[in-house]
Structure formats: structure tokens, C-alpha cells
Amino acid sequence: MIDGSIEVGLKAIGAGLAMVGAFGPGIGIGLLAQGAMQAIGRNPDAAGTIQANMILAIVFTEAIAIYALVVSLLIVFVL
Amino acid sequence: MTARTRGLIVFGGILFVAIIFCGVIPFVVMPGSGFAVALPVITVPGEIITPDFFLGVDLTNTIVGTVFADLLLVLAIFLLWRASKGWTQEIPGRLQALMEIIAETLYNFFQGLAGDRLRTTPMLWPLVATIFIFLLTANMLKLLPGVETVGSMHCAYAGTNGYYMIDGWTGNSYRLWVDEPLNAGFAQNEAEEEACNLYFKEKAYEPFAIQTSDEIQQQSAAFAVILNELPETFTGENGEALEGDALHDAEAEAYEAALEAYLAGDTDPTVVEVVEGTDFDEAHAYIEFADARIASAETFAASTTRLAEIETELEALDGDHGGEEEATEGEATTDGEATSDEAVVLVAEEVDSDAVREALGAERETLEEQIGLARAQVAFPGATLPLSEEQLDNDVVPFKFHITPFVRGAATDLSLTFALAVISMVLVQVYGVMALGPAYFDKFLNIPALGNLSKKPLGAIDFVVGLLEIIAEIGKVVSLAFRLFGNLFAGGVALMAVTFLVALFVPIVIYGLEVIIGTVQALVFAVLTLVFSVQAMEHHGDDHEHDAEHH
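Fair warning: this is a prediction, and the values are worked out from it, not measured in the lab. One numbering rule holds for all chains: residues counted from 1, following each sequence as written. Going through the entries in the order they are written, you letter the chains from A and number the ligands from 1. Since the coordinates come from a predicted model, pLDDT governs what is reported: local features require at least 70, and pairs of side-chain atoms require 80 or more to be given and counted, while whole-chain, interface and lining totals use all residues. Side-chain metrics rest on all non-hydrogen atoms present in the structure, leaving aside hydrogens and water.

**Brief notes about a negative patch on the surface**
Residues and elements named next belong to chain B.
At step 1: A contiguous patch of negative charge, built from Glu206, Asp245, Asp249, Glu253, Glu256, Glu260, Asp279, Asp281 and Glu282, is present on the exposed surface.
At step 2: Among the secondary structure elements, those contributing two or more residues to the negative patch are helix H8 (244-264) and helix H10 (280-334).
At step 3: Helix numbering and strand numbering both begin at the N terminus, where a helix is a DSSP run of H or I of at least 4 residues and a strand a DSSP run of E of at least 2. With five residues, the top contributor of residues to the negative patch is H8.
At step 4: Topologically, Asp249 is positioned in helix H8. Patch definition: residues with relative accessible area over 30% and no salt bridge; like charges joined within 9 Å; nonpolar side chains (Val, Leu, Ile, Met, Phe, Trp, Tyr) joined within 5 Å. Note that accessible areas follow from Shrake-Rupley with a 1.4 Å probe, and for residues the cover is restricted to the protein chains shown. Any carboxyl oxygen of Asp or Glu within 4 Å of a side-chain nitrogen of Lys or Arg constitutes a salt bridge here. His is not counted, nor are the chain ends; Lys and Arg add positive charge and Asp and Glu add negative charge. Note on charges: their place is set at NZ of Lys, CZ of Arg, CG of Asp or CD of Glu.

**Observations concerning the nonpolar core**
At step 1: Among the buried residues, those of types Ala, Val, Leu, Ile, Met, Phe, Trp, Tyr and Cys that are joined through side-chain atoms within 4.5 Å form a nonpolar core. For the exposure calls, accessible area comes from a 1.4 Å probe over protein chains only, and a residue counts as buried if that area is under 20% of its type's maximum, exposed if over 50%, partly exposed in between. Ranked by internal contacts, the top residues of the largest apolar core, which has 57 residues, are Phe110, Leu135, Leu480, Phe489, Phe525 and Leu530 of chain B.
At step 2: Elements with a minimum of two residues in this core: helix H3 (47-77) of chain A together with helix H2 (61-84), helix H3 (94-114), helix H5 (124-141), helix H13 (414-436), helix H15 (459-501) and helix H16 (506-537) of chain B.
At step 3: It is H16 of chain B that contributes the most residues to this core, 12 residues altogether.
At step 4: When sequence neighbours within four positions are dropped, the list of residues in contact with Phe525 of chain B reads Ile131, Leu135, Thr417, Leu420, Ala421, Ser424, Leu480 and Leu484 of chain B.
At step 5: Ala195, Val275, Ala290 and Phe399 of chain B belong to the second-largest nonpolar core, a separate cluster that totals 50 residues. Residue contacts follow a heavy-atom distance rule, with two residues in contact if any of their heavy atoms lie within 4.5 Å.

**Observations concerning the interface of chain A and chain B**
At step 1: At the junction of the two partners, chain A supplies 13 residues and chain B supplies 17 residues.
At step 2: Both faces combined, the contact of chain A with chain B buries some 1400 Å², and carbon together with sulfur accounts for 83% of it.
At step 3: Taken together, the connections running from chain A to chain B amount to zero salt bridges.
At step 4: In protein, a polar contact requires one atom able to donate a hydrogen and another able to accept it; more generally it is a pair of N or O atoms within 3.5 Å, and residues adjacent in sequence count only if both atoms are side-chain atoms. At the junction of chain A with chain B, the criterion picks out one residue pair in polar contact (both at pLDDT 80 or more).
At step 5: Gly falls in the polar group here, along with every residue not listed as nonpolar (Ala, Val, Leu, Ile, Met, Phe, Trp, Tyr, Cys, Pro) or charged (Asp, Glu, Lys, Arg). Here the side of chain A that touches chain B is composed, by residue class, of 12 nonpolar, no polar and one charged. Here the quantity called buried area is the total loss of accessible area, with a 1.4 Å probe, experienced by two parts when brought into contact, counted for both.

**Considerations on the layout of surface pockets**
Residues and elements named next belong to chain B.
At step 1: The volume enclosed by the largest pocket comes to roughly 1000 Å³.
At step 2: Using only the protein atoms, space was sampled on a 1 Å grid; points where a 1.4 Å probe fits but cannot get out form cavities, open sets with protein on both sides within 12 Å along at least five of seven lines form pockets, and lining residues are those with an atom within 4 Å of a point. Val37, Ala38, Glu148, Thr149 and Val150 are the residues nearest the centre of the largest pocket, which is lined by 40 residues in total.
At step 3: For the lining of the largest pocket, the secondary-structure elements that each account for two or more residues are strand E3 (151-155), strand E5 (174-177), strand E7 (397-405), H15 and H16.
At step 4: In terms of residues, the lining of the largest pocket owes the most to one element, H15, which gives four residues.
At step 5: Residue composition of the lining of the largest pocket, by class: 27 nonpolar, 10 polar and three charged.
At step 6: Of the volumes computed, that of the second largest pocket is approximately 860 Å³.
At step 7: Broken down by element, the residue count for the lining of the second largest pocket peaks at 11 residues, all from H5.
At step 8: Looking at the lining of the second largest pocket residue by residue, the class counts come to 22 nonpolar, four polar and one charged. Grid points are joined across faces, edges and corners, and a volume is the space filled by probe spheres set on the points.

**Focus: empty space enclosed by the protein**
Residue and element names in this part refer to chain B.
At step 1: Going through the model one piece at a time under the given rule, you end up with two cavities of 30 Å³ or more.
At step 2: Volume-wise, the largest cavity comes out at about 150 Å³.
At step 3: Val41, Glu47, Glu148, Arg408 and Met496 are, among the 15 residues lining the largest cavity, the residues nearest its centre.
At step 4: When residues of the lining of the largest cavity are traced back to their parent elements, those giving at least two are E7 and H15.
At step 5: Of all the elements, H15 adds the most residues to the lining of the largest cavity, at four residues.
At step 6: Looking at the lining of the largest cavity residue by residue, the class counts come to eight nonpolar, four polar and three charged.
At step 7: By volume, the second largest cavity is sized at about 70 Å³.
At step 8: Residue lining of the second largest cavity: Pro26, Phe27, Met30, Ala36, Val37, Pro181, Leu182, Phe500, Leu501, Val502 and Ala503, and that is the complete set.
At step 9: Looking at the lining of the second largest cavity, the elements that each hand over two or more residues are helix H1 (3-32) and H15.
At step 10: Among the elements that take part in the lining of the second largest cavity, H1 stands out by supplying three residues, more than any other.
At step 11: Of the residues belonging to the lining of the second largest cavity, the class tally is 11 nonpolar, no polar and no charged.

**Details of the environment of Gln219 of chain B**
At step 1: Along the chain, Gln219 of chain B falls in helix H7 (residues 213-229).
At step 2: The residues contacting Gln219 of chain B, other than those within four sequence positions of it, are Gln211, Val274 and Tyr286 of chain B.

**Concerning the confidence of the model for chain A**
Fine structural detail should not be taken from predicted coordinates in areas where pLDDT scores are low.
At step 1: Confidence of the predictor at the level of single residues is given by pLDDT, which spans 0 to 100. Residue-level pLDDT values for chain A average 86, and 96% of them are 70 or greater.
At step 2: Across chain A, helix H2 (residues 23-42) of chain A holds the top mean pLDDT of 95, while H3 of chain A sits lowest at 82.

**Considering the pattern of salt bridges**
Residues and elements named next belong to chain B.
At step 1: Tallied over the entire structure, the rule returns 10 salt bridges over all chains.
At step 2: Between Arg119 and Asp116 there is a salt bridge; the shortest N-O distance is 3.1 Å.
At step 3: On the basis of relative accessibility, which here comes to 53%, the residue Arg119 falls in the exposed class.
At step 4: Residue Glu309 pairs with Arg306 through a salt bridge whose shortest N-O separation is 2.9 Å. Placement of both Glu309 and Arg306 in helix H10 is noted, with a separation of three residues, approximately one turn of the helix.

**Quick notes on the packing of aromatic side chains**
Residue and element names in this part refer to chain B.
At step 1: Pairing of aromatic side chains requires ring centres within 6.5 Å, counting the rings of Phe and Tyr and the six-membered ring of Trp. Pairs whose planes differ by under 30 degrees are stacked, by over 60 edge-to-face, and all others tilted. In this structure the tally under the stated criterion is 20 aromatic pairs over all chains.
At step 2: Taking 6.0 Å as the distance between ring centres and 65 degrees as the angle between the ring planes, the aromatic pair formed by Phe110 and Trp125 counts as edge-to-face. Of this pair, Phe110 sits in helix H3 while Trp125 sits in helix H5; the two residues are 15 residues apart in sequence, bridging distant segments of the chain.
At step 3: Here Trp125 falls in the partly exposed class, since its relative accessible area comes to 23%.
At step 4: Ring centres of Phe200 and Phe401 lie 5.0 Å apart, and the angle between their planes is 75 degrees; this geometry places the pair in the edge-to-face category. Of the two residues, Phe200 sits in helix H6 (residues 190-200) while Phe401 sits in strand E7, which places them 201 residues apart along the sequence.
At step 5: Residue classification places Phe200 among the buried positions, given a relative accessible area of 12%.
At step 6: Judged by relative accessible area, which is 0%, Phe401 ranks as buried.

Here it is, written out as C-alpha cells:
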């Protein structure tokens, strides 16, 4: 038994599909952290610089996931 | 006592507290007193508090949030500036030391990213520090209690969800009445919104008493008699016809006299009891809504009678059924050779009575709903939510309401983040021009590369890449704006959703997360502005010529 309008359901599906965009950044952040960890392992003295740069790069990567989030939020609350 | 037993005791304590605070209180105690958490209406643009507030601009709650953050900062600056007049001694005081530590940490962090340019470029350090401190204040302000929760009560707009409402603790205040946990609200449509506004916004009537249709008829007739006594027209001292407030006052005065005359006459004492002490407006509203209320009262009476019938039928059915079952069991045990025919009949009867019971049960449910709605509509003509007797006693208002918060986090509005992103990217261009002069624009429109085409035909690629840089620059604006907005808005939604699910303790985790996200996003915005500025100031035009010389 399904009640409610089909529009709401389609919106929910659309919003869910939009969040597939978080897939790539997830991998990206993982790779970034891996690289940073290895770098720190090899050169522990440079940990400070590496961390700062890593966070910056993670933020760039994360921005793409945030676009997906914004799109899905817009689908749910604005459309 | 071993470590294990002690641990078990501690664990038991934690479990107990968790069950009380995450189970019993939010799901039993709070709904029982109408305090369950409502799910707020989530909208992306800032909600309008006062339309057309200043020069045609609507005042939204995100603007209020921004102004609040600004005021806080101005206040802090003023106080610190006054205090800093004494900051000349060799050994710094505590406040001075704290401020110096904060400023120095921030400065060193930025210097690590920007190098010497942070010092040599005018206004760069003030710009990024301002962005960071403003966003930090705004993001932390968003987490204060009352922000995004306390606001103005109004009828839920059509298409959104609303809840019951009840008077607050002080004079002109209200709060939502949510008496079941995980209730996402009741959908509102336009007709219902109008009915709600008639009561709440236009104050067309005060809630009426619960009465039968006869009583309503009798009393509205009495009111009609009184109102008929009033003169047709009212004239002022100079004989002109009265209008507006003056007319209303005159009518009210005439009504008082007519009422007294009516009460002095020979009237039914039950009517006198109700009519006594009413004023003109009440009498008017009573007559206006009498028809609708009579219809509701009739529905109420009819449904109540039918419900009583069903209850007796169901009871009778239960009695029969119980008896049968015992009988069957008795037969089965005493008379093991019961014929199969008998068993079939019994089963058929049972199925039959089950179907009847189900039908009656379904009817009872719809009737109960009808009774609730009719009860609500006798007290509030045009009510859209059913009222139970308990809710009626608590003075719950059966319309759908919700709250528009007065203050909302500044960065949860795309307008602020976009404006800030545009400002910072425009300043980045300004810094670029300041450092490189007109040559800065070679980054976008690579004229030298075109000029060197005869020497380096591949320079054409550089030219196209330069065009792409323009798009990248616009992309930076969008990226800055959406990153900040997305993080803060999603954080707000997460807070609302988690508080809605479990009211106590669990949201603390999200609050912790929000503190981190608010700080990091403020820092990221400032850092990116800084990094973009430094990149823009770096020489890029003749890199290739240098490269050519080196190789």
C-alpha cells in the first residue's frame, strides 16, 4: 500500500541519486589521506606542512561532495 | 571486586541513564505533556519576518542573524579597543596575552600559507582575518539556544506541515503542542490555512463552549433578538453617519443597553447564564458561526450515538465469541469424536464474526476521528484537526501552526555566502592587478602567447587555457559560496532531524560536530581567499621564456 503523491517519491529518489556525487570525493579524500600518511611516515618532521596542505586539498575535494549535497537539498526543499 | 564487576556496574548505570533520557523522557514523558519535538519547516531561502522592511527589501531571519553577529563583533571590538589603551606595559595582562595568542596563532598559520606576501600586501591580513572572525562568530551564534527555534507563531502556510498550538506561559506567547513522538506534522492546504487565519490572525471569534445543537439554536436566537433591538443607523453629535471605530463603539454601547433590557425581561435562566456579560463582538460572532456550529454539534451527537451502538455490538460479539471458544474446547476434550461437520460450522461462524468485528472496528476508528473533529468544530468553527477531550481541557487550538524563527544562522542563506564569495574573488583580482599591473589579465587573455605563435605554435594551447581560467574564476565563486552554505545548512538540517528523532543527549554529538564544522569552514573560506590572492599575485606570464632559457 502506497499513499502520498508520486512527486514526493520521485523527488526523494532524485535527491538520493544526486548524492551519488559523494562517491568520487570519498575515494579522493581517502587517496589524499593515504598520500599524506605515507609522506608523514617517510618524513615525520614535515608533518605540520603536510597536514596543512592535506586539509586544504581535502577541502577542495570535499567541495564536490558538497555540490551534490546542495543539489539534493535543493531537490527536496525547493523544487 | 574485580575490574569486570565494577565495569558492569558502571555499564548498568550508563544503560539506565540512557534508557531514562533517550527512551522514557523523549518518548513518554515529553509527549504526555505536549512537549514532544516538532519537525520545523525546512526552507532554503531565509524566512521572511517582515515583508518590505527597508527600501522594498524583506527582512529575513538570516539578515537578523547576520546583524546579530555584526553587533557582537562591533561590541567586542569596542570593549577590546577600550581595554587595549592600557596595553603598553612590558608584561602583558591576561586578556592582552590571550588576544595576542589568538592573533599570533592565526597570523602564523596564514603566514605559513602565504609567506612574506601576507605582510607586504596591503589589507590582505585584515581581510582574511575579518572573514575568519566574522564567519566564526556567525557560525557559533547559530548554535546558541533559541536561534532557529524561537520565533513568531503563525498558521502553517499551505503546502507545509503544522502542529496544534497552545498558549505559552507569558501573555501574548504561544507554543506548539506536539503530543505524540515522531509526529512530522499535519499537511496544510489553502482552505485550512484560511480557516486558521480567520481564528488566529483576524481574531474573528473567541473559542466557543461545547454545546448541543439545541443550545446553540436557542442562544443564537436570543442574541438575534438583542441585536435586533439596535437602531439601524448610528449618527454622531452633528447628525452625520458614524464610521469605523466610532460606529463600533456606538454599536457596543447600544448593545449593552439592549442586553440589559433583555435580561430584565422574562427569559429562560439557562440562556441568561450564557448571554450575561457578553459584548457586541461576541454576540455578532456567535450568530455568524451558529449555523456551522449547529451542523458540527449534530454530527457530534449522531456519531456519539453510533459509536455507543458499535461498542455494545462489539461487546456482545466478544461475549459470544469467548463462550464459543470455551464450548469448542470443552467439546473437543470431552467428546473426541466430534463430527467434522460441526467443526466446519464453527470455523465458518468464527470467520464470519471476525469479519464483522473487523468492519465494526474500522467504523469505530473513523467515528472516533469524526467525533474529535466535530468536537473541535463546535469550539472552533472550521477547525481542521480533531480534538480529544483531554486536549480540549488543555485549551489546545485545533489548527495547524508553525513557527518562523526570528534568528537563523547567517551562513545558512545562500545570499550571504555568495556575496562574500563575490567580494573575496573581486579582491583577488584587485590584488592580482596591484602586483602585476595590466599583465595580470594575460592569465585570462593570453596575448603574448598569440604574439609568439611563430616561435612557439603550441602557445595557442596556452591561449585556450587562459580562456578556461575565466570559467575557473567563476567556478571559484560558486565553489566558495556553495561550500560554506552547504556545510552550514546541512548542519542545521542534521541538528533539527536528530533533535526530532531523540530529543535529549544524542543531539549533543551533532552540536560537537557543528562546532568543528563551523570553525573549519570559517577557516577554509579565509584560507582559500588568501591562497587565491597569493596565486593571483604570482608571476606567470613569462614563465615559459624562463623555462626555455633553462633547458
